[in-house]
Amino acid sequence: MAEPVQTPQASFPPRIFSGIQPSGGLTLGNYLGALKRFVEKQEEGIETIYCMVDMHAITVWQDPEKLRQQTREGAAAFIAAGIDPARSILFNQSQVTAHVELGWIFNCIARMGWMSRMTQFKDKAGKNSENVSLGLFAYPSLMAADILTYKATHVPVGEDQKQHLELCRDIAIKFNNDYGVNFFPVVEPVIEGAATRVMSLRDGTKKMSKSDPSDQSRINLTDDADTIAKKIRKAKTDPEPLPDTLDGLKDRPEARNLVNIYAALAGHTPEQVICDYAGAQFGTFKPALADLAVAKLEPITLEMNRLMQDPAEIDRILGEGAARADAIARPIVDQVYDIIGMIRSRR
Ligand code: AMP
Ligand code: TRP
């Protein structure tokens, strides 16, 4: 092994990468924690690369036709939410093979101990850990490859991905040290805003998730206005009115969740929302939240539905994005092969 190098982080040009799994329909959690933030980054004028991570989705079994459908639907959601495929790169992971190539190399960098500490794996595998796929265990190492095959420097995600990004930093540092190079950036997680962890509408201690068996627990980006309003009206709460300080929400996870959702949708801080609704009953707050949610989500849903009428156009956009992504990723992975000692003589 080469001597560890203590070079400071070379200045890597800022580049954003993030991904969403097409393992189900997208939820309000994906929208507030991820999509909405992705659009903001695009508007800041930074180079942005966004990916439907279909290779990650198959770490648990997916019906092939549904997987294709959900990948297109996810891409439609990106565009409907404001991602412009001309300004951002938008593609599906499996069309750029650099991801899995670097993923394998990172499997040889990451340590079993690091991977074993991943709480998402432990949660997903549960008591069934003998029976889950090897891919589910290796998942965070492929995620590191997604990011580093573009030398991305900033990764906007929801709170639940923080530990995976710490692993990505560890992999970059170990690769750089093992080979005596300063090749990969140490990425910065970008976890910002009022809704970095949107909770289930049925249980304020559980994350809102596309894989929750209860459809009432989440708002799907494909829900119509009536369904959204109904789900919010029926959301679990407590009998108390809203407090006049944020502190008053401390032991009220369901109430806090609805306040955070309101804040994120309105583009306000939770403090502002509490200020506006201090003392309000849920009978008042819930309809206001439902109206706001419908006003913000309905245009996105309608545009998604319109885009989904033309799947060939979505596939074309993903293909074009993949070609642009490949042009960045390929030379980086080729340099990795050179660094680690692979012969590259194929013509
Ligand atoms: P996934 O659906 O697991 O592929 O997640 C895609 C992105 O959405 C990631 O950045 C997640 O952190 C984010 N995300 C998923 N669920 C939530 C949630 N309930 N609240 C906030 N962000 C979320
Ligand atoms: N693991 C992420 C999630 O489930 C999805 C993902 C895969 C991702 N690769 C990524 C997110 C790279 C950010 C960057 O939410």
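Small disclaimer: the values here were computed from a predicted structure and weren't measured. (Residues numbered from 1 in each chain as written. Chains lettered and ligands numbered in written order. Predicted model: local features only at pLDDT ≥ 70, side-chain atom pairs only at ≥ 80, totals over all residues. Heavy atoms only, no water.)

Caption draft 1: Layout of the pattern of salt bridges. Evaluation of the coordinates by the stated rule reveals 26 salt bridges. Between Glu 44 and Lys 41 there is a salt bridge, with its nearest N and O atoms 3.5 Å apart. Glu 44 sits in the partly exposed class, given a relative accessible area of 49%. Overall, Lys 41 belongs to the buried group, its relative accessible area being 8%. Between Asp 334 and Arg 344 there is a salt bridge, and its shortest N-O distance comes to 3.6 Å. Here Asp 334 is found in helix α13 (residues 311-340), whereas its partner Arg 344 is found in the segment after α13, with 10 residues between them in sequence. (Salt bridge = Lys/Arg side-chain N within 4 Å of Asp/Glu carboxyl O. Buried < 20%, exposed > 50% of the residue type's maximum accessible area, 1.4 Å probe, protein only. Helix = DSSP H or I, 4+ residues; strand = E, 2+ residues; numbered from the N terminus.)

Caption draft 2: Structural context of unusual backbone geometry. A positive phi angle is found at Lys 151, which is not glycine, with a value near 50 degrees. Position of Lys 151 among the secondary structure elements: in the loop between α7 (134-148) and β4 (154-156).

Caption draft 3: How the structure looks around the confidence of the model for the protein. Here the protein shows a mean pLDDT of 96. Residues at 70 or above account for 97%. Across the protein, strand β3 (residues 89-92) holds the top mean pLDDT of 99, while helix α6 (residues 119-125) sits lowest at 94. (pLDDT = per-residue confidence, 0-100.)

Caption draft 4: Layout of the UniProt feature "short sequence motif: 'HIGH' region" (unreviewed entry) in the protein. Within the UniProt annotation, "short sequence motif: 'HIGH' region" (unreviewed entry) is assigned to residues 22-30. Taken end to end, residues 22-30 comprises 33% helix and 0% strand; its first and last C-alpha atoms sit 11 Å apart. (UniProt positions renumbered as here; feature names shortened; annotations may be inferred.)

Caption draft 5: Summary view of the packing of helix α1 (residues 28-43) against helix α3 (residues 64-81). Close contact between α1 and α3 brings their axes to 9 Å; oriented N to C, the two are set at 55 degrees. With respect to α3, the axis of α1 lies oblique. As α1 runs across α3, the sense of the crossing is right-handed. Residue-level inspection shows Tyr 31, Leu 35, Phe 38 and Val 39 of α1 in contact with α3, the latter providing Ala 77, Phe 78 and Ala 81. (Axes fitted to C-alpha atoms, helices over the stretch in contact; angles between N-to-C directions. Parallel < 35°, antiparallel > 145°, perpendicular 65-115°, else oblique. Left-handed = near helix turned anticlockwise from the far one by under 90°. Contact = heavy atoms within 4.5 Å.)

Caption draft 6: Up close: the site of ligand 1. Around ligand 1, 18 residues are found, and the nearest of them are Gln 21, Gly 158, Asp 160, Val 198 and Lys 210. The separation between an oxygen atom of ligand 1 and a polar main-chain atom of Gln 21 is 2.9 Å. Here an oxygen atom of ligand 1 sits 2.7 Å away from a polar atom, N or O, in the side chain of Lys 210. Surface burial for ligand 1 is 93%, taken as the share of its 480 Å² of free accessible area covered by protein chains. Looking at the shell around ligand 1, the elements that each hand over two or more residues are β1 (15-20) and α1. Ranked by the residues each element gives to the shell around ligand 1, the list is headed by α1, at 4 residues. Its residues placed into classes, the shell around ligand 1 shows 6 nonpolar, 8 polar and 4 charged. (Near = heavy atom within 4 Å. Polar contact = N/O pair within 3.5 Å; in protein donor to acceptor, adjacent residues only side chain to side chain. Areas by Shrake-Rupley, 256 points an atom, 1.4 Å probe, with all protein chains shown as cover. Nonpolar A, V, L, I, M, F, W, Y, C, P; charged D, E, K, R; others polar.)

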